[in-house]
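# Tertiary structure, described
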Amino acid sequence: MASSRIFSQKDFYLLGIWVGLGTLLRFWNLTLKSVWGDEWATLVFSLGHGFREIPLDQLIAADLLLAPLRYETGTNLATVSEMLLSESNHPPLYYWLTHLWLDLWSTDGELISIFVGRSPAAFFGVLLILVVFGVSTWVFKNKWAAHGGAIAMALSPYAVYLSQEARHYTLAMIWMTLSYGCVAKIIQAQQQSQKIPFQVLLGWLIVNTLGVASHYFMVLSLFAEGLVLLFCYGQALRKNWPQKSPAKIFFPSYWQRIFCGAIASAIVVFLLLSHWQSQNNDELTSWLNQDYGWGLGNLLPPLRSLGWALGMIFMLPIEADQTWLVVAAAIALLLILLWFLPNLTAAFKQSWAQLEVKIFTGIILANLVTILGITYVLKLDITLAPRYHFIYFPALTILLGFFLAQMGQNIACSKLFWPQNCRLSALIIVGLMGLSSLCVNVDLAYRKPENNQAIAQVLQQNLDWNDPQIFATHYYEIAVTRTQMGLAWALHHLDPSLQPRFLILDNFFKQDTAAKVLAETATQLTAPTQILMFNTHFAPPESICPLQPESGQKVTGYRYRLYFCDPSSN
């Protein structure tokens, strides 16, 4: 890393401010938003439990549905790995770390704390600010680019969103940021026909290994890095073709170490993927299966990708409950985009001659090509969710930080729109990013796909709790169990006296039995009971369980129909 002598004491005070802002945005309101299915998976597996221990096709109490969220002192890292590999498709590093963290703060037999469960992701999100600062310093040798990168990471609404989820994205992005920094140093040395320092290649191998151990999407990042390095290799071939011998053309000395580092990374990736191979991919990724054919639908993935990329920088309350606020936010975002793009174009024009700008731009484009390739070739549309675009987010943040530094020095901005002062434009961008992060923090943007807190309030108000209740659904993927777990958790914390029973009908491991099990359950009731059918087309026998008029209710992630079953009518 560049010598710390380029920094004054004031720079470290400024860095402390950026880290403080980032910490506040990540830990404030950490438990405000509902916990959704993927987060339940993280917490359950980190505790060394699984979802398949929850019985199907039988009535169960809420306590049994919440049992996997109770801390047990007897579990260890081996238990975490066993459960993870048998029921999930993720590598174990983040789950191991979360398990060790939960060990420090949990009581045997008690339900875990959501604040504690989400804290590791928030902590790694704060640490990521420092990592971006360090990598920007290392690559650009420019302290203002480092400050710009730290500010961009601290205030990015996308970074706040991922930091407030009990998921492994922030940890994986730490390794990705370091890996991108290593690739930038490799290309810098290659462009100067110098041998790559051994410690850079060793560090590259180590962070790549840790990245794959944190999230398998690190493989996509490595593929994108390979595309960038392959492009540089092609440029070197074209440059040296008429001048040197074949050996020096195809295997120049400064490329030999790069080849060795790339091969070593590929071997490590292969070994890790083989060791942690999972058999659950089809069940867990079926919702991504999309074949757009030859219609206009093919335009959706790139348009979504552009939208997610913009949302990494600016995000206003487009998911608010008030329609007028959503419309106003959408119009404001469009105006911001029209103002921001000329400034971004001017920054590129002014800075394009700098090698580092080309490197990080290439990394971003290579990742986008990889994402779209998976979408169109493998027909797995990973543009459907913004979280899957985290693989190029660190590179975008570093590049944005450099542009902010350039604008702050009054070097690069557009003169087409107000303000024509570049520094003021940079301040406006930073201010809008801060406002965007606040929108995420108070749950007006990047909302969770399942709002179990809201549905629990609806049920508390609308149901007659003097009668027993059965909350039923059918199992067609593991996410169903997680959704019901979220409902049980929200009801328990809203009012522990609310004690419905749950029924998860098996329509996955056993076919054509769900309707029969539901009918038998309804006919065996001995007292008037309300049956709520969640997110399913199945229904109890109408003869004894008529559908209640205007019973349909819908909240994000949940929709239900209410049936009142009276055994006396049978």
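Residues numbered from 1 in each chain as written. Predicted model: local features only at pLDDT ≥ 70, side-chain atom pairs only at ≥ 80, totals over all residues. Heavy atoms only, no water.

## Here's the deal with the pairing of strand β2 (residues 469-475)
- The buried fraction of β2 amounts to seven of the seven residues, a majority that puts the element mostly inside the structure.
- Relative to strand β3 (residues 501-506), β2 runs parallel, the two being bridged by six bridges. Opposite Tyr-475, over in β3, you have Asp-506 as the bridge partner.
- This β-α-β element, β2 to helix α21 (residues 478-494) to β3, shows right-handed connectivity. (Buried < 20%, exposed > 50% of the residue type's maximum accessible area, 1.4 Å probe, protein only. Helix = DSSP H or I, 4+ residues; strand = E, 2+ residues; numbered from the N terminus. Pairing = 2+ DSSP bridges. Right-handed = clockwise from strand over helix to strand, strands pointing away.)

## A look at the packing of aromatic side chains
- The tally for this structure, following the rule as stated, stands at 30 aromatic pairs.
- Consider the rings of Phe-140 and Phe-402, whose centres lie 4.7 Å apart with planes at 10 degrees: the pair is stacked. With Phe-140 in helix α6 (residues 114-140) and Phe-402 in helix α18 (residues 393-408), the pair connects residues that are 262 residues apart, well separated along the chain.
- What makes Phe-402 buried here is its relative accessible area of 1%.
- When the centroid spacing of 5.4 Å and the interplanar angle of 45 degrees are considered together, the rings of Phe-534 and Tyr-560 count as tilted. Taken together, the residues span a long stretch of sequence, with Phe-534 in strand β4 (residues 529-534) and Tyr-560 in strand β6 (residues 558-565) at a distance of 26 residues. For the pair Phe-534 and Tyr-560, a shared accessibility class is recorded, and that class is buried.
- Aromatic ring contacts, followed pair by pair, group Phe-45, Phe-51, Tyr-94, Tyr-95, Phe-123 and Phe-124 into a single cluster.
- The aromatic ring of Tyr-388 is capped on one face by Arg-387, whose charged end is 4.9 Å from the ring centroid.
- Here Arg-482 stacks its cationic end above the ring of Phe-51, 5.4 Å away from the centre of that ring. (Phe/Tyr/Trp six-rings, centres within 6.5 Å; stacked < 30°, edge-to-face > 60°. Lys NZ or Arg CZ within 6 Å of the ring centre and 35° of its normal.)

## Let's talk about the packing of helix α9 (residues 169-191) against helix α11 (residues 218-240)
- Where α9 contacts α11, the two axes come as close as 11 Å, and the packing angle between them is 10 degrees. Compared by their axis directions, α9 and α11 come out roughly parallel. For the pair α9 and α11, the contacting residues are Trp-175, Met-176, Ser-179, Tyr-180, Val-183, Ile-186, Ile-187, Gln-190 and Gln-191 in the first and Met-218, Ser-221, Leu-222, Glu-225, Val-228, Leu-229, Cys-232, Gln-235 and Ala-236 in the second. (Axes fitted to C-alpha atoms, helices over the stretch in contact; angles between N-to-C directions. Parallel < 35°, antiparallel > 145°, perpendicular 65-115°, else oblique. Contact = heavy atoms within 4.5 Å.)

## Quick look at the nonpolar core
- Among the nonpolar cores identified, the biggest contains 120 residues, and Phe-314, Phe-360 and Phe-390 are the most heavily contacted of them.
- Element by element, the count of residues in this core is highest for α9, at 14 residues.
- The next biggest cluster of nonpolar side chains, apart from the first, holds 48 residues, and it includes Trp-40, Leu-69, Tyr-71 and Ile-114. (Core = buried A, V, L, I, M, F, W, Y, C linked by side-chain atoms within 4.5 Å.)

## A closer look at helix α13 (residues 253-275)
- Its 23 residues give α13 an end-to-end C-alpha distance of 34 Å, which sits within 8% of 33 Å, the value for a rise of 1.5 Å per residue.
- If you check which residues of α13 are buried, you get Tyr-254, Trp-255, Ile-258, Gly-261, Ser-265, Val-269 and Leu-272.
- Among the structural elements, α9, α10 (198-214) and α11 are those in contact with the buried residues of α13. (Expected span 1.5 Å × (residues − 1).)

## Points about the side chain of Lys-185
- Position of Lys-185 relative to the elements: it lies in helix α9.
- Despite its burial, Lys-185 pairs with no opposite charge, the nearest such side chain being Glu-356 at 7.1 Å.
- With residues near it in sequence (within four places) discarded, Lys-185 still touches Trp-138, Val-139, Lys-141 and Val-200. (Lys, Arg positive; Asp, Glu negative; His and termini not counted. Salt bridge = Lys/Arg side-chain N within 4 Å of Asp/Glu carboxyl O.)

## A short note on the environment of Val-555
- Within the element layout of this structure, Val-555 appears in strand β5 (residues 553-555).
- Considering only alpha carbons, one finds Val-555 and Glu-450, 105 residues apart in sequence, at a separation of 8.1 Å.
- With residues near it in sequence (within four places) discarded, Val-555 still touches Asn-451, Ala-454, Ile-455 and Val-458.

That is the geometry; function is a separate question.
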